[in-house]
Amino acid sequence: MPAEEAYVLSPTDVRNIKSYVQHKYAEMPQEKRAEIVADAVKRIIHKQLPNFEGSIKRTVTEMLIRTVVLERQGPVKADDIFQACLALDRTDSSIFEPIHNWLENLLHISCQKPLMKRLMDELSETLGQSDSATKTAENGILGLLKGKLIVEGVALDSTAPAAVQAEIIALPQQKWRNLFSEKTSLRSYLYSMLCLFLIAASLLYGWSLSKPSPYKLQPPAALMPAEPPAVSLSGLPSELRYHDIDKKRLKQFLESKTSVLAEPPYFDAIVSAAHAFDIHPVILFAITGQEQGFVPKTNKQHKQIANNPFNVFHSWQEFNTDIKQSAEIAARTVSNLSKDRPAETDPFKWINRKYAEDPKWSDGVRSIFASIMKYLENPPVQ
């Protein structure tokens, strides 16, 4: 499920709380009912924050209510909590350690504190750049953090939920019981059940959106053990390991497809990732051909697609980072999946068994790889 649909508290939840309080405490003054609603909202958000000391929790809670609930009138997401935490002083161990523990639990990872702090510093800089702000808002800063962790070789728990984008933090039901009287009329009881049903239905709908489509590329990069770059791939035959190529000629091939990948920074990023993981560069370009037709500039969204032309993490819509990161993730995935290949097994089919659910994906990539190689090996007649 996309990150923007993963929430701690939605506007619908707030409306349901207001309606319930107004019905249950109809005889109370409006000011008192407003206090009960505000307290309920604070308690729900407060419960999901990192384990800060009280005053920090109150500060972050008030910030989220002011900026998200009141001004933006949108759902409070784990992304919003993390972004608020980035504004805190990470040099203070009493602040950084709770954030670190919260992220490890949320993302189901184990990450050394210095690495996490460095990546958080990088994300803070990203948020401060106007040209990156829109991309961050669209894709979720937790999604960007997850991608950075994977590139750094942080292994994810294969038994954990699929992705942070699918992470929904449940509303604490005990709070509902504590907030409202146990002795309710039948009408009040039915009304409260209806509210809970609506919330449960919205969560169930969100869960259904998180189920991967069989037509999407499903790279398991997040589930594979991290390997250091620049290692020899015993699973790939020598002709599929890294080779220097005629870059000018390859760019000409891409330009014949009106591909934006022939331009910087895309071309160099893909070649560099191939070199780092000892993979033939044409393999990665062939994957972009299979997935996105080499990202032609005639596509109105070519700049967004080019950030992730490999469709790592399901699709470029769900994981839209930058070409350097997506190329490294794709190369790492090919590297990991190439290991332990039986000598008699076609390398493309061996990668296909987990890289994509479409069994014919390997045929397409192999065919494109052969076409590009033929183009490189047969220069035009002068």
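The residue numbers shown here count from 1 along each chain, following its written sequence. Local features are withheld for residues below a pLDDT of 70 in this predicted model, meaning they are given only at 70 or higher, and side-chain atom pairs are given and counted only at 80 or more; totals for whole chains, interfaces and linings count all residues. To get the side-chain values, all heavy atoms of the structure are used, and hydrogens and water are removed first.

**Topic: the overall build of the protein chain**
Stage number 1. Only runs of H or I of at least four residues qualify as helices and only runs of E of at least two qualify as strands under DSSP, and these elements are numbered from the N terminus. When its secondary structure is counted, the protein chain shows 17 helices and zero strands.
Stage number 2. For every residue, the accessible area (1.4 Å probe, protein chains only) is compared with the maximum for its type, and the residue is labelled buried under 20%, exposed over 50%, or partly exposed between those bounds. In the protein chain, which comprises 382 residues, the proportion classed as buried is 50%.
Stage number 3. Expressed as a percentage of contacts within the protein chain between residues at least 6 apart in sequence, the contacts between residues at least 24 apart total 68%.
Stage number 4. Here the accessible surface of atoms and residues is derived via Shrake-Rupley with a 1.4 Å probe, and residues count as covered only by protein chains that are part of the display. Summing over all exposed atoms, the protein chain offers an accessible surface of approximately 19,200 Å²; the carbon and sulfur share of this is 53%. Pairs of residues are marked as contacts when any of their non-hydrogen atoms sit within 4.5 Å.

**Description of the confidence of the model for the protein chain**
Stage number 1. Of the residues in the protein chain, 72% reach a pLDDT of 70 or more, and the chain-wide mean stands at 75.
Stage number 2. You can read pLDDT as the predictor saying how much it trusts each residue, on a scale of 0 to 100. Highest mean pLDDT in the protein chain belongs to helix α12 (residues 266-276) (94); lowest belongs to helix α9 (residues 173-179) (41).
Stage number 3. Note on residues 130-135: pLDDT under 50 across the span, and five contacts to partners over four residues away in sequence or across chains.
Stage number 4. Every residue in residues 158-185 scores below 50 in pLDDT, and together they form 56 contacts with partners more than four places removed in sequence or on other chains.

**Things to note about the packing of helix α4 (residues 78-86) against helix α8 (residues 141-151)**
Angle between the axes and distance between the axes: these two values describe a pair of packed helices.
Stage number 1. Helix axes are fitted to C-alpha atoms over the stretch in contact, other axes to C-alpha atoms as well, and angles between N-to-C directions run from 0 to 180 degrees. Axis separation between α4 and α8 bottoms out at 8 Å; the angle between their running directions is 75°. When the axes of α4 and α8 are compared, the pair comes out roughly perpendicular. Contact residues: Ala78, Asp79, Phe82 and Leu86 in α4; Ile141, Leu142 and Leu145 in α8.
Stage number 2. Its residues assigned to classes, the contact of α4 with α8 comprises six nonpolar, no polar and one charged. Should an angle fall under 35 degrees it is taken as roughly parallel, and over 145 as roughly antiparallel, whereas 65 to 115 is taken as roughly perpendicular and any remaining angle as oblique. In this classification, Asp, Glu, Lys and Arg are treated as charged, Ala, Val, Leu, Ile, Met, Phe, Trp, Tyr, Cys and Pro as nonpolar, and every other residue, Gly included, as polar.

**Considerations on the pattern of salt bridges**
Stage number 1. Counted as salt bridges are all cases of a side-chain nitrogen of Lys or Arg within 4 Å of a carboxyl oxygen of Asp or Glu. Applying the stated criterion across every chain, the model contains 11 salt bridges.
Stage number 2. Salt-bridge contacts for Glu152 lead to Arg118; the nearest nitrogen and oxygen are separated by 3.0 Å. Here Glu152, found in the loop between α8 and α9, pairs with Arg118, found in helix α6 (residues 113-127); they are 34 residues apart in sequence, far enough to count as distant.
Stage number 3. Across the salt bridge formed by Glu263 and Lys297, the nearest N and O atoms sit 2.8 Å from each other. Taken together, the residues Glu263 in the loop between α11 (247-256) and α12 and Lys297 in the loop between α13 (281-292) and α14 (302-305) connect sequence positions 34 residues apart.
Stage number 4. Glu263 gets classed as partly exposed once you look at its relative accessible area, which sits at 31%.
Stage number 5. Taken together, the shared-partner salt bridges connect Arg118, Glu122, Lys148 and Glu152 into one network.

**Describing α8**
Stage number 1. Among the 11 residues that make up α8, nine are buried, leaving the element largely enclosed by the rest of the structure.
Stage number 2. Downstream of α8 by a residue or two, Gly153 has a phi angle that is positive, lying close to 90°.

**Regarding the nonpolar core**
Stage number 1. Nonpolar cores are built from buried Ala, Val, Leu, Ile, Met, Phe, Trp, Tyr and Cys residues. Side-chain atoms within 4.5 Å join them into one set. Core analysis: the biggest nonpolar cluster contains 53 residues, and Phe310 and Tyr355 have the highest contact counts within it.
Stage number 2. Sorting the residues of this core by element identifies α11, α12, α13, α15 (323-338), α16 (347-355) and α17 (361-377) as the ones contributing at least two each.

**Side note on the packing of aromatic side chains**
Stage number 1. The aromatic pairing rule takes the rings of Phe, Tyr and Trp, using the six-membered ring of Trp, and pairs them if the centres are within 6.5 Å, calling planes under 30 degrees apart stacked, those over 60 edge-to-face and the rest tilted. According to the stated counting rule, one finds four aromatic pairs in the structure shown.
Stage number 2. For the pair Phe253 and Phe294, a centre-to-centre distance of 5.6 Å together with 85° between the ring planes defines the contact as edge-to-face. Linking Phe253 in helix α11 with Phe294 in the loop between α13 and α14, this pair joins segments that are 41 residues apart in sequence.
Stage number 3. On the basis of relative accessibility, which here comes to 7%, the residue Phe294 falls in the buried class.
Stage number 4. Between Phe253 and Tyr375 the ring centres are 5.3 Å apart and the planes differ by 70°, which places this aromatic pair in the edge-to-face class. With Phe253 in helix α11 and Tyr375 in helix α17, this pair connects stretches of sequence that are 122 residues apart.
Stage number 5. Among the aromatic side chains, those forming a connected cluster through ring pairs are Phe253, Phe294 and Tyr375.
Stage number 6. Residue placement shows Arg249 over the ring face of Tyr375; its charged tip is 3.7 Å from the ring centre. The rule is short: NZ of Lys or CZ of Arg within 6 Å of the ring centre and within 35 degrees of the ring normal puts a charge over the ring.

**A closer look at the environment of Ala306**
Stage number 1. Assignment of secondary structure puts Ala306 in the loop between α14 and α15.
Stage number 2. On a C-alpha basis, the gap between Ala306 and Asp322 in space is 7.9 Å, while along the polypeptide they are 16 residues apart.
Stage number 3. In contact with Ala306, other than residues within four places in its own chain, are Val260, Leu261, Tyr266, Val295 and Ile323.

**Brief notes about unusual backbone geometry**
Stage number 1. The residue after Pro264, namely Pro265, is reached through a cis peptide bond having omega 5°.
Stage number 2. Its location among the elements puts Pro265 in the loop between α11 and α12.
Stage number 3. One non-glycine residue, His108, lies in the positive phi region at around 55°.
Stage number 4. At Phe294, a residue that is not glycine, the phi angle is positive and equals roughly 70°.

**Focus: the side chain of Ser259**
Stage number 1. Within the fold, Ser259 resides in the loop between α11 and α12.
Stage number 2. For Ser259, a relative accessible area of 1% gives the class buried.
Stage number 3. Sequence-distant contacts of Ser259, defined by excluding residues within four places in its chain, comprise Leu254, Phe294, Val295, Pro296 and Lys297.

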